[in-house]
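Observations on the three-dimensional arrangement
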Amino acid sequence: MKPTLLSFTSLFVYLGLILAPIGISIQLGLPHRPWMDQVSSNLGMLAFNIILLEFWSTGRIKIISKLLGIDWVLQVHQLFARTAVLLLVAHPFMYSLPGRPHYSPGPANETYLGLSSNSFISGLVGLIVLGIMVGLAITRNKSQGKYETWRAAHAIMAVAVALLGFHHTVHAGRYAQEPIMHLYWQVALGLALLSVAWVYLVKPFTQSMNAYQVVSIKEASHRIWELVIQNSHNKTASYKAGQFAWLKMGNSAPLYENPFSIASCSDGQSSQMTFLIKDVGDFTHQVTELKAGDKIYVDAPYGNFGHKVVSSNSDEIVLIAGGVGIAPIVSLLRKMAQSDQATILQKKIVLIYGNRITEQIVDIAQMVNLSAFKHLELINVITEPDTTWHGLTGVLDKTSLEKILKSSGIQMNAAQYLVCGPAVMIDSVENALADLGVGLGHIDSEKFQYDFGQKNARNRLSLANWLMATSALIASAIYWVNR
Ligand SMILES: Cc1cc2nc3c(=O)[nH]c(=O)nc-3n(C[C@H](O)[C@H](O)[C@H](O)COP(=O)(O)OP(=O)(O)OC[C@H]3O[C@@H](n4cnc5c(N)ncnc54)[C@H](O)[C@@H]3O)c2cc1C
């Protein structure tokens, strides 16, 4: 994920969407209500609108993921869920401050609040479920539970929160009695539920009609498997180098799908795709048991890793892969090797490939025509070398990266960096590059993990942006009241 003008613009668009119900209520010129009452309503409307928009930032909408990259989309999803909880917790307490309105049902043009015991219960239960949901999502990585169980629970709770929130909003919210506001919430809820139906019903159906088959499966290196699949109807596999796919094995039912980078490169005609999959758990272990002809269900393509760097004007590109993080880099190298543009093939490319042991190194030369490149240098770094290893050793940190980049003659501040691998490695490399004076705008990274939590320069920037965005939303809720 690279901070770009597009990602900032998208954040503004997203804030605009969140603020839409307040904008509509202002346009409707609804009657004046006590100030605290209105601020509280605004906070409630913003929070519920965020909850409904969250359904669209789960990373499963291809166009959004392609435009902004999966890390950006998921950070927005994870961080704004916190904003919704914050605003929702503040929302009822503000009504209980001095000068609070009477709680009583009634039409839109009355000044008091339309809270009934039913809408009180739906609001309270919705808030509790949301709190549990966000808490479980934040602590998921530390829990022992299965990912699929968490994902099913997350989806069910999300739908419950949306329905409870809708009930509360349209019954307790005085403005929601207004037909246009009522319609707004109906449409927003409908779109949110549509996105769930899209992911859990429509996609599995279309995948089952459009299955792939295993062409070959072989161990490319220690516990890393090279899987080649082909569309059963010979339909062209359409994707860009660096993107990833959600794969299901055995059947197309929802939940049992995992993300994997595409290691091949589309020539616009082939119906095949290649993946490098590391056997690390329940799902990935099944790959080791696949045989030719087995069915695979694909939802692709997603993400935009490397797109801007490969087409950038920079003369120097540094590719940094950790373990199986080499997969999208192989795809990007294949794409560049196919290029007929001399400027691309003449770029100075340094590929730093980190692995724990030598047996994990995937033979890139077997997968990419390295001779097409005029200035490509491949540097392997091993953290746990055996006595036969004579290359570089240790982790990729500031010292080792500085040494490698200097000896390769890379101009650190001018080069573009592509980093892919496990979250811990990405954090270490991004922190090291930041310490070496490389701007975040020069680094495009893709984490093979969805959790937000590591302390690194990029996450600090995201947190700062999120804090500013949340403050702007609160300020708007206070400022934008019917006067
Ligand atoms: C964008 C992206 C691209 C990836 N590309 C590759 C690749 O090319 N090759 C490769 O080997 N690995 C890749 N991964 C990692 C791969 O998805 C996980 O290793 C795999 O899902 C682990 O599943 P498991 O059940 O075998 O292991 P488990 O031990 O059950 O899971 C290990 C961890 O993987 C994550 N995970 C598990 N299931 C899912 C799921 N359904 N969706 C999302 N995350 C999940 C969770 O954080 C979990 O804690 C990629 C991940 C992402 C996010």
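On to the domain arrangement of the protein, then. According to the domain assignment, the protein consists of domain 1 (5–207 + 466–479), domain 2 (210–302) and domain 3 (307–451). Using C-alpha coordinates to define each centre, domain 2 is positioned 24 Å away from domain 3. With 15 residues of domain 2 in contact, the opposing surface of domain 3 contributes 17 residues. Broken down by element, the side of domain 2 that touches domain 3 gets its largest block of residues, three residues, from strand β5 (residues 272–278).

Taken together, six strands build an open sheet; the order of strands is β10-β9-β8-β7-β11-β12 and the sheet is parallel. Single-partner strands in this sheet number two, and they are β10 (392–393) and β12 (443–447). Pairing between strand β11 (residues 416–421) and β12: five bridges, direction parallel. Across the sheet, residue glycine 421 finds its bridge partner in β12, namely lysine 447.

Moving on, we come to the site of the ligand. Surveying the vicinity of the ligand reveals 25 residues, the closest of which are Asn258, Gly281, Phe283, Thr284 and Ala327. Every element with two or more residues in the shell around the ligand is listed here: β4 (258–261), β5 and α8 (282–287). When its residues are assigned to classes, the shell around the ligand shows 14 nonpolar, seven polar and four charged.

Leu46, Leu276, Val318 and Ile320 are the most contacted members of the largest nonpolar core, which totals 110 residues. No other element matches the ten residues that helix α2 (residues 35–54) contributes to this core. The residues contacting leucine 276, other than those within four sequence positions of it, are Ala220, Ile224, Glu226, Ala263, Val324, Ile326, Ala327 and Val362.

The next point concerns the sheet that holds strand β1 (residues 212–221). Across the sheet, which stays open at both edges, the six strands sit in the order β4-β3-β6-β1-β2-β5 with antiparallel pairing between neighbours. Unpaired on one side and paired on the other, β4 and β5 mark the two borders of the sheet. Shown here is a sheet whose adjacent strand axes are inclined to one another by a mean of 40°, direction ignored. Contacts from helix α7 (residues 179–209) reach β3 (244–249) and β6 (295–302) within the one sheet, and its direction differs from that of β6 by about 120°.

What follows covers helix α10 (residues 326–338). Compared with the 18 Å implied by 1.5 Å per residue over 13 residues, the 18 Å span of α10 between its first and last C-alpha is a close match. Across the 13 residues of α10, eleven count as buried, placing the element largely inside the fold.

The interhelical angle for the contact between α2 and helix α6 (residues 147–172), taken along N-to-C directions, is 150°, at an axis separation of 10 Å. With respect to α6, the element α2 is oriented roughly antiparallel. With respect to the hand of their crossing, α2 and α6 are arranged in left-handed fashion. On the side of α2, the interface is formed by Phe48, Ile51 and Leu52, while α6 contributes Val161, Ala162, Gly165 and Thr169. Grouping the constituent residues of the contact of α2 with α6 by class yields five nonpolar, two polar and no charged.

Now for the environment of glutamate 289. Relative to the assigned elements, glutamate 289 resides in the loop between α8 and β6. Overall, the presence of 9 C-beta atoms within 10 Å leaves glutamate 289 in the exposed class. In the structure, glutamate 289 is positioned 72 residues away from isoleucine 217 in sequence and 9.1 Å away in space, judged by C-alpha atoms.

Thresholds, definitions, all that
- Residues numbered from 1 in each chain as written.
- Predicted model: local features only at pLDDT ≥ 70, side-chain atom pairs only at ≥ 80, totals over all residues.
- Domains from an automatic or database assignment.
- Contact = placed C-beta atoms within 7 Å.
- Helix = DSSP H or I, 4+ residues; strand = E, 2+ residues; numbered from the N terminus.
- Pairing = 2+ DSSP bridges.
- Near = placed C-beta within 6 Å.
- Nonpolar A, V, L, I, M, F, W, Y, C, P; charged D, E, K, R; others polar.
- Core = buried A, V, L, I, M, F, W, Y, C linked by C-beta atoms within 7 Å.
- Buried ≥ 20, exposed ≤ 12 C-beta atoms within 10 Å, placed from the backbone.
- Axes fitted to C-alpha atoms, helices over the stretch in contact; angles between N-to-C directions.
- Expected span 1.5 Å × (residues − 1).
- Parallel < 35°, antiparallel > 145°, perpendicular 65-115°, else oblique.
- Left-handed = near helix turned anticlockwise from the far one by under 90°.

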